[in-house]
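Okay, here's what each chain looks like letter by letter:
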Amino acid sequence: MVKKLEIDWTRCDGHGLCATLLGDDVVLDEWGFPVLSGRPVTAGEMTNARRAVLACPALALRLGDV
Ligand code: SF4
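Residues numbered from 1 in each chain as written. Predicted model: local features only at pLDDT ≥ 70, side-chain atom pairs only at ≥ 80, totals over all residues. Heavy atoms only, no water.

**Remarks on the environment of Val26**
In step 1: Note that Val26 resides in strand β2 (residues 26–28).
In step 2: Take Val26: its relative accessible area is 2%, and that puts it in the buried class.
In step 3: On a C-alpha basis, the gap between Val26 and Ser37 in space is 6.2 Å, while along the polypeptide they are eleven residues apart.
In step 4: Not counting residues within four places of it along the chain, the set of residues in contact with Val26 comprises Leu5, Cys18, Ala19, Pro34, Val35 and Leu36. (Helix = DSSP H or I, 4+ residues; strand = E, 2+ residues; numbered from the N terminus. Buried < 20%, exposed > 50% of the residue type's maximum accessible area, 1.4 Å probe, protein only. Contact = heavy atoms within 4.5 Å.)

As C-alpha coordinates, then:
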(Lines give C-alpha, C1' and ligand atoms only; values in the text may rest on other atoms or scores of the structure.)
Protein backbone atom coordinates (compact mmCIF):
# COMPACT_ATOMS: atom_id res chain seq x y z
CA MET A 1 0.00 0.00 0.00
CA VAL A 2 1.24 3.48 -0.86
CA LYS A 3 2.21 5.60 2.15
CA LYS A 4 2.97 9.24 2.81
CA LEU A 5 4.44 11.06 5.77
CA GLU A 6 2.06 12.76 8.17
CA ILE A 7 2.58 14.87 11.27
CA ASP A 8 0.47 14.91 14.41
CA TRP A 9 0.52 18.64 15.13
CA THR A 10 -0.69 18.07 18.67
CA ARG A 11 2.66 16.36 19.34
CA CYS A 12 5.27 17.97 17.06
CA ASP A 13 7.67 20.17 19.00
CA GLY A 14 9.69 21.34 16.02
CA HIS A 15 12.82 19.42 16.92
CA GLY A 16 13.67 19.28 13.23
CA LEU A 17 15.15 15.80 13.27
CA CYS A 18 12.82 14.68 10.49
CA ALA A 19 14.19 17.37 8.18
CA THR A 20 17.71 16.22 8.96
CA LEU A 21 16.88 12.59 8.18
CA LEU A 22 14.56 13.20 5.21
CA GLY A 23 15.92 16.31 3.56
CA ASP A 24 14.25 15.52 0.23
CA ASP A 25 10.78 15.40 1.75
CA VAL A 26 10.86 17.67 4.78
CA VAL A 27 12.00 21.26 5.10
CA LEU A 28 11.64 23.49 8.14
CA ASP A 29 9.63 26.67 8.16
CA GLU A 30 10.90 29.88 9.73
CA TRP A 31 9.82 28.68 13.20
CA GLY A 32 11.58 25.33 12.82
CA PHE A 33 8.45 23.29 12.17
CA PRO A 34 8.41 20.73 9.37
CA VAL A 35 6.78 21.26 5.99
CA LEU A 36 6.17 17.99 4.16
CA SER A 37 6.41 17.55 0.41
CA GLY A 38 3.18 15.55 0.56
CA ARG A 39 4.26 13.12 -2.12
CA PRO A 40 4.02 9.35 -1.68
CA VAL A 41 7.04 7.60 -0.18
CA THR A 42 8.64 5.38 -2.79
CA ALA A 43 9.65 1.81 -2.03
CA GLY A 44 13.30 2.83 -2.08
CA GLU A 45 12.68 5.56 0.50
CA MET A 46 10.59 3.47 2.88
CA THR A 47 13.46 2.28 5.09
CA ASN A 48 14.65 5.84 5.73
CA ALA A 49 11.09 7.03 6.25
CA ARG A 50 10.47 4.32 8.86
CA ARG A 51 13.73 5.23 10.61
CA ALA A 52 12.65 8.86 10.77
CA VAL A 53 9.26 7.88 12.20
CA LEU A 54 10.97 5.86 14.93
CA ALA A 55 13.49 8.64 15.60
CA CYS A 56 10.94 11.44 16.10
CA PRO A 57 11.38 12.36 19.79
CA ALA A 58 7.76 13.49 20.09
CA LEU A 59 6.22 10.47 18.31
CA ALA A 60 4.63 12.99 15.96
CA LEU A 61 5.77 11.63 12.60
CA ARG A 62 3.94 8.71 11.05
CA LEU A 63 3.32 6.95 7.77
CA GLY A 64 -0.29 7.16 6.66
CA ASP A 65 -2.15 5.68 3.73
CA VAL A 66 -2.37 7.79 0.59
S1 SF4 B 1 11.22 15.10 14.35
FE2 SF4 B 1 9.08 14.92 15.09
S3 SF4 B 1 8.87 16.54 16.64
FE4 SF4 B 1 10.67 16.98 15.40
S5 SF4 B 1 9.97 18.39 13.80
FE6 SF4 B 1 9.89 16.29 12.96
S7 SF4 B 1 7.80 15.60 13.39
FE8 SF4 B 1 8.15 17.39 14.70
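Back to the write-up after that little detour.
**Let's talk about the nonpolar core**
In step 1: In terms of nonpolar packing, the biggest core is built from 17 residues, with Leu5, Val26, Val41, Leu61 and Leu63 touching the most fellow members.
In step 2: At the level of secondary structure, the elements contributing two or more residues to this core comprise β1 (3–7), α1 (17–21), α2 (46–55) and β4 (61–65).
In step 3: With residues up to four places along the chain from it excluded, the contact list for Leu63 reads Lys3, Lys4, Leu5, Val41, Met46, Ala49, Arg50 and Val53. (Core = buried A, V, L, I, M, F, W, Y, C linked by side-chain atoms within 4.5 Å.)

**Some words on the site of the ligand**
In step 1: The local shell around the ligand consists of Cys12, Asp13, Gly14, His15, Gly16, Leu17, Cys18, Pro34, Cys56, Pro57 and Ala58.
In step 2: The cavity that encloses the ligand is the largest cavity.
In step 3: The residue makeup of the shell around the ligand, split by class, is seven nonpolar, three polar and one charged. (Near = heavy atom within 4 Å. 1 Å grid on protein atoms, 1.4 Å probe; cavity = no way out; pocket = protein on both sides within 12 Å on 5 of 7 lines; lining within 4 Å. Sits in = over half its atoms within 2 Å of the grid points. Nonpolar A, V, L, I, M, F, W, Y, C, P; charged D, E, K, R; others polar.)

From the geometry alone we can't say anything about function, so treat these as descriptive.
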